[in-house]
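Take a look at the letters that make up each chain.
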Amino acid sequence: MKIEVLRIGQRLVRDDRVTTHVALVSRAFGASKIFMCDANPDIKGTISKVNRMWGSDFEVEIIENWKEVIRLKKKDSFKIVHLTMYGESINTAQPDLRKEDKILIVVGAEKVPREVYDVADYNVAVGNQPHSEISALAILLDRLLRGQQLQKKYFNAEREIIPTKKGKRVMNKTTD
Ligand SMILES: C[S@@+](CC[C@H](N)C(=O)[O-])C[C@H]1O[C@@H](n2cnc3c(N)ncnc32)[C@H](O)[C@@H]1O
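Residues numbered from 1 in each chain as written. Predicted model: local features only at pLDDT ≥ 70, side-chain atom pairs only at ≥ 80, totals over all residues.

Visitor: It is not clear to me how the overall build of the protein chain should be interpreted in this structure. Could you clarify?
Guide: Within the protein chain one finds six helices and eight strands. Listed by position from the N terminus, the elements making up the protein chain come as β-α-β-α-β-α-β-α-β-α-β-α-β-β. Whereas a compact globule of 176 residues would reach a radius of gyration of roughly 16 Å, the protein chain reaches 17 Å, a difference of no more than 12%. Judged by the C-alpha coordinates and their principal axes, the protein chain covers about 55 × 35 × 30 Å. Within the protein chain, the proportion of its 176 residues that are buried is 27%. (Helix = DSSP H or I, 4+ residues; strand = E, 2+ residues; numbered from the N terminus. Rg over C-alpha atoms; globule rule 2.2 N^0.38 Å. Buried ≥ 20, exposed ≤ 12 C-beta atoms within 10 Å, placed from the backbone.)

Encoded structure:
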């Protein structure tokens, strides 16, 4: 399944840390690209350093016109999955979502325009309580990919963690 993420809007007080975490979760939990509106362009450098060190070719694109991204993705047969506390439960949507081939997940930072609810193929709630785009995204990606994304190895990584019950083991693939 090909999964991309679109983050709409950023709070007036810049929430760079949340923006970074939305991108990191997208990358680590199996999406291949994120589109971001109004984001600090430094995010691209931050993610490319993570890609270099830990692998993957996850992409970040800073955009101005999110409507155009949705339009193009729909044309390219992506299903639009909008995460919102007002949507249908992830528990009931999950079987259909898992059958899709290409998904664009839309998350908000603040109030999301009504248009997004209308254009979405699925409006999906991770519970009906307000929480955060970071948690909603992580849970949706995990439900879609059933935990398989956590086993993924990257051949272009400089470093790889050797999981241990205690301490830290890291293999430097450029020297070891
Ligand atoms: C801080 S919340 C904004 C909530 C805001 N009150 C609204 O009207 O959408 C930021 C984003 O987190 C996601 N989110 C928060 N709670 C959620 C939930 N229970 N289920 C799904 N997504 C949620 C949505 O994508 C939302 O746009």
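Visitor: How should I be thinking about the packing of helix α4 (residues 90–99) against helix α6 (residues 133–145) in this particular structure?
Guide: What describes two packed helices is the angle between their axes and the distance between those same axes. In the contact formed by α4 and α6, the axes pass within 9 Å of each other and the chain directions differ by 50°. As judged from the angle between their axes, α4 and α6 are oblique. Here α4 runs over α6; the crossing is right-handed. Across the interface between the two elements, Ile 90, Gln 94, Leu 97 and Arg 98 from α4 touch Ile 139, Leu 140, Arg 143 and Leu 144 from α6. Across the contact of α4 with α6, the residue classes break down as five nonpolar, one polar and two charged. (Axes fitted to C-alpha atoms, helices over the stretch in contact; angles between N-to-C directions. Parallel < 35°, antiparallel > 145°, perpendicular 65-115°, else oblique. Left-handed = near helix turned anticlockwise from the far one by under 90°. Contact = placed C-beta atoms within 7 Å. Nonpolar A, V, L, I, M, F, W, Y, C, P; charged D, E, K, R; others polar.)

Visitor: Even after reading the chapter, I still don't get the pairing of strand β5 (residues 102–108), so can you show me in this structure?
Guide: A large share of β5 lies buried, amounting to five of its seven residues. Between the parallel pair strand β4 (residues 79–89) and β5, the chain is carried across by α4, and the sense of this crossover is right-handed. (Right-handed = clockwise from strand over helix to strand, strands pointing away.)

Visitor: Help me out: how do you make sense of the packing of helix α1 (residues 16–28) against helix α2 (residues 42–54) in this one?
Guide: In the contact formed by α1 and α2, the axes pass within 11 Å of each other and the chain directions differ by 35°. The two elements α1 and α2 cross, and the hand of that crossing is right-handed. Each of Thr 19, Thr 20, Ala 23 and Arg 27 in α1 lies in contact with α2, whose residues at this interface are Ile 43, Thr 46, Ile 47 and Val 50. Residues belonging to the contact of α1 with α2 are distributed by class as follows: four nonpolar, three polar and one charged.

Visitor: Sorry, what's going on with the nonpolar core here?
Guide: One recurring pattern in soluble globular proteins is that nonpolar side chains are buried together. Among the nonpolar cores identified, the biggest contains 37 residues, and Leu 6, Leu 83, Ile 105, Val 106, Val 107, Leu 137 and Leu 140 are the most heavily contacted of them. Broken down by secondary-structure element, the contributors of at least two residues to this core are β1 (2–8), α1, β2 (33–37), α3 (66–75), β4, β5 and α6. Not counting residues within four places of it along the chain, the set of residues in contact with Leu 140 comprises Leu 83, Ile 90, Ile 105, Val 124 and Val 126. (Core = buried A, V, L, I, M, F, W, Y, C linked by C-beta atoms within 7 Å.)

Visitor: Can you walk me through the site of the ligand in this structure?
Guide: As a matter of local geometry, the ligand sits amid 18 residues, with Leu 83, Met 85, Gly 108, Glu 133 and Ala 136 nearest to it. Only β4, β5 and α6 provide two or more residues apiece to the shell around the ligand. In terms of residue count, β4 provides more of the shell around the ligand than any other element does, three residues in total. Class assignment for the residues of the shell around the ligand results in nine nonpolar, six polar and three charged. (Near = placed C-beta within 6 Å.)

Visitor: Is there a simple way to think about α6 in this case?
Guide: Helical geometry: 3.6 residues make up each α-helical turn, so side chains three or four residues apart lie on a common side. For α6, which comprises 13 residues, the first-to-last C-alpha distance of 18 Å matches the rise-based estimate of 18 Å (1.5 Å per residue) to within 8%. What α6 keeps buried is the set Glu 133, Ala 136, Leu 137, Leu 140, Leu 141 and Leu 144. Buried residues of α6, seen end-on, are gathered within an arc of 125° and therefore sit on one face of the element. At its buried positions, α6 is contacted by β1, α1, β4, α4, β5 and β6 (122–125). One or two steps after α6, the chain reaches Arg 146, where phi turns positive at roughly 50°. (Expected span 1.5 Å × (residues − 1). Arc of directions from axis to C-beta.)

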